[in-house]
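Here is what each chain is made of, one letter per residue.
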Amino acid sequence: MNLDRDRTALAAFIVGTVLAGGNAVGVRVSNRELEPLWGAGLRFLLAACLLGAVMVGMRLTLPRGRALLGVLVYGTLIFGGAFSFAYYALVRIHAGLGQTLLALVPLATLLLAVVQRQERLRLAAVVGTVLSVAGISVISEVSGRESVPVLSLLAVLGAVLCFAQATVLVRHFPPVHPVTTNAVGMVTGAAILVALSLVLNESIVLPERGATWLALAYMVVLGSGPVFVLYVVVVRLWSASRAAYTFVLIPLVTVLLSAWIDDEPVGAGLIFGGLLVLAGVYVGALRPAASRALRTQVEGAAPSTRRG
């Protein structure tokens with residue numbers, strides 16, 4: 001049973017990470033025509049409608065009571081909070097530094113999970129995060145001379161905390177179907193994003209360019225609903241800190257996709273940084289799963305050996 005859970009979680013982890021890797025390309029295309037917060041709000045509103053249709057098809061019901069509260073807080077933190085902070089920060093902060101700081105999500109998740117008595121502090125998780133952050137820094141070529149506005153730095157750190165706390169919080173409330181969790185959560189987040197867009201006097205328009213519609217189509221059909229549904233599946237099957245390692249793999253996938261789509265050369269920095277990221281993810285997230293799977297197989301085989 002534990003082996004099946006690990007296999008399901010690992011499959012969801014890999015597929016979700018690969019699909020999420022294309023979102024950064026979609027956001028860049030979308031931001032060329034749409035205002036950032038409005039573009040994000042439109043994306044999650046459309047994704048929520050799609051997930052709502054899936055709910056109807058699967059005959060899923062809306063959560064109530066404490067379960068509904070958990071879903072609303074989850075949506076507020078991830079779709080309303082984290083994406084608001086991230087979009088604001090990335091207007092003025094270098095993308096490489098932004099990716100490096102977002103790679104701190106697994107460590108922040110672990111620390112919050114420890115404080116909230118959900119997990120124990122694991123040395124492997126800390127070492128894995130350090131290796132992954134170093135790898136993202138190499139890939140992004142982050143410069144120590146870069147001037148970073150304080151508010152932008154605080155905003156990206158706010159995004160890190162929102163992602164981390166939402167990941168921990170999902171396990172505190174009664175379980176809700178992943179489709180329902182994200183359908184309701186995205187409606188909540190979209191409302192917050194659109195409200196902020198109106199407050200900041202962003203231009204509220206629909207896209208006119210075909211490229212923008214294609215980018216939105218990818219982010220809505222593949223990069224939002226499936227990605228976050230799979231993420232909730234992983235969080236339910238793995239610990240919160242292990243699930244959060246998707247945040248250090250996503251930039252690596254994004255860079256590889258950009259190199260393929262834009263025909264950019266793959267340099268030594270990408271190779272070395274990518275190896276550091278993979279080493280960090282293995283040490284912090286995947287190695288414990290492999291160890292548990294091996295123990296399960298050994299324990300399962302032991303009785304038959306004794307009978308023979």
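This structure is a prediction, so every number in the text was calculated from the model and none was measured.

The rules behind these values
- The residue count restarts for each chain, going from 1 along the sequence in the order it is written.
- The model is predicted, so local features are restricted to residues of pLDDT at least 70 and side-chain atom pairs to those at 80 or more, both for listing and for counting; the totals for chains, interfaces and linings are taken over all residues.
- The basis for every side-chain value is the complete set of non-hydrogen atoms in the structure, without hydrogens or water.
- Helix and strand definitions here come from DSSP, where helices need a minimum of 4 consecutive H or I residues and strands a minimum of 2 consecutive E residues; each element is numbered from the N-terminal end.
- Three labels apply to residues, based on accessible area from a 1.4 Å probe with only protein chains included: buried if under 20% of the type maximum, exposed if over 50%, partly exposed otherwise in between.
- We call two residues in contact when some of their heavy atoms are within 4.5 Å.
- Computed over the protein atoms alone on a 1 Å grid, cavities are sets of points where a 1.4 Å probe fits but cannot get out and pockets are open sets with protein on both sides within 12 Å along at least five of seven lines; a residue lines them when it has an atom within 4 Å of a point.
- Grid points are joined across faces, edges and corners, and a volume is the space filled by probe spheres set on the points.
- Between 30 and 60 degrees the pair is tilted, below 30 it is stacked and above 60 it is edge-to-face, where a pair is any two Phe, Tyr or Trp rings, Trp via its six-membered ring, whose centres lie within 6.5 Å.
- By definition, being over a ring means that NZ of Lys or CZ of Arg is both within 6 Å of the ring centre and within 35 degrees of the ring normal.
- By nonpolar core we mean a set of buried residues, namely Ala, Val, Leu, Ile, Met, Phe, Trp, Tyr and Cys, connected to one another through side-chain atoms within 4.5 Å.
- By definition here, a helix of n residues has an expected span of 1.5 Å times n minus one.
- Each C-beta atom gives one direction from the helix axis, and the arc is the one those directions make.
- Counted as a polar contact is a pair of N or O atoms within 3.5 Å, where, for protein atoms, one must be capable of donating a hydrogen and the other of accepting one, and residues adjacent in sequence contribute only when both atoms are in side chains.
- Note on definitions: angles span 0 to 180 degrees between N-to-C directions of axes, and those axes are lines fitted to C-alpha atoms, for helices only across the stretch in contact.
- For classification purposes, angles smaller than 35 degrees are called roughly parallel, those larger than 145 roughly antiparallel, those between 65 and 115 roughly perpendicular, and all remaining angles oblique.
- We call a crossing left-handed when the near helix sits turned anticlockwise from the far one by less than a right angle, and right-handed when that turn is clockwise.

K.L.:
I'd like a rundown of the overall build of the chain, residues and numbers included.
P.N.:
Of regular secondary structure, the chain possesses 14 helices and zero strands. In sequence order, the chain lays out its α and β elements as α-α-α-α-α-α-α-α-α-α-α-α-α-α. Here the chain holds 308 residues, and 49% of them are scored as buried. Within the chain, counting contacts between residues at least 6 apart in sequence, those at least 24 apart form 90% of the total.

K.L.:
Hey, could you go over empty space enclosed by the protein for me, with residue numbers and the actual values?
P.N.:
Taken as a whole and assessed by the stated rule, the structure comprises one cavity of 30 Å³ or more. Quantified by volume, the largest cavity comes out at close to 80 Å³. In this structure, the largest cavity is lined by Ala-67, Gly-70, Val-71, Tyr-74, Leu-169, Val-170, Phe-173, Pro-174, Val-176, Thr-181, Val-232 and Arg-236. Of all the secondary-structure elements, those providing two or more residues to the lining of the largest cavity are α4 (65–92) and α11 (225–237). Broken down by element, the residue count for the lining of the largest cavity peaks at four residues, all from α4.

K.L.:
Give me the packing of aromatic side chains: which residues, what numbers.
P.N.:
One pair of aromatic rings is described through two measures. These are the centre distance and the angle between the planes. The full count for this structure, using the stated rule, is eleven aromatic pairs. Ring centres of Phe-79 and Phe-228 lie 4.8 Å apart, and the angle between their planes is 70 degrees; on these two criteria the pair is classed as edge-to-face. Of this pair, Phe-79 sits in helix α4 while Phe-228 sits in helix α11, and the two are 149 residues apart along the sequence. Chaining the aromatic ring pairs together yields one cluster made of Phe-44, Tyr-74, Phe-79, Phe-83, Phe-163, Phe-228, Tyr-231 and Phe-247. Between the NZ or CZ atom of Arg-242 and the centre of the ring of Trp-238, over which it lies, the distance is 4.1 Å.

K.L.:
Kindly report on the nonpolar core, identifying the contributing residues and their values.
P.N.:
Burial of nonpolar side chains together is a common tendency in soluble globular proteins. In this structure, Tyr-74, Ile-78 and Phe-228 are the most contacted members of the largest nonpolar core, which totals 70 residues. Those residues in contact with Tyr-74 that sit more than four places away from it in its chain are Phe-79, Ala-166, Leu-169, Val-170, Thr-181, Asn-182, Phe-228 and Val-232.

K.L.:
Hey, could you go over helix α10 (residues 210–221) for me, with residue numbers and the actual values?
P.N.:
Compared with an ideal rise of 1.5 Å per residue, which puts twelve residues at 16 Å, α10 spans 16 Å between its outermost C-alpha atoms and is within 8% of the ideal. Thr-212, Ala-215, Leu-216, Met-219 and Val-220 are the residues of α10 that are buried. Relative to the axis of α10, the buried residues are bounded by an arc of 125 degrees and lie together on one face. The elements touched by buried residues of α10 are α2 (23–31), α3 (36–58) and α11.

K.L.:
Can you break down the side chain of Glu-119 residue by residue, with the values?
P.N.:
By secondary structure assignment, the location of Glu-119 is in the loop between α6 (105–115) and α7 (123–140). Residue class for Glu-119 comes out buried when judged on its relative accessible area of 13%. Looking at Glu-119, its side chain comes within polar contact range of the main-chain nitrogen of Ala-240, at 3.1 Å. Those residues in contact with Glu-119 that lie beyond four places of it in its chain are Leu-110, Ala-113, Val-114, Ser-239, Ala-240 and Ser-241.

K.L.:
So, helix α8 (residues 150–169): which residues are in play, and what are the values?
P.N.:
In this model α8 runs 28 Å from its N-terminal to its C-terminal C-alpha over 20 residues, within 8% of the 28 Å that 1.5 Å per residue would give. Among the 20 residues in α8, 14 count as buried, and that is most of the element.

K.L.:
Would you mind going over the packing of α3 against helix α9 (residues 178–199) in detail, with residue names and values included?
P.N.:
Viewed as axis vectors pointing N to C, α3 and α9 meet at an angle of 155 degrees, and their least axial separation amounts to 8 Å. In this view, α3 runs roughly antiparallel relative to α9, as classed from their interaxial angle. For α3 against α9, the interelement crossing comes out left-handed.

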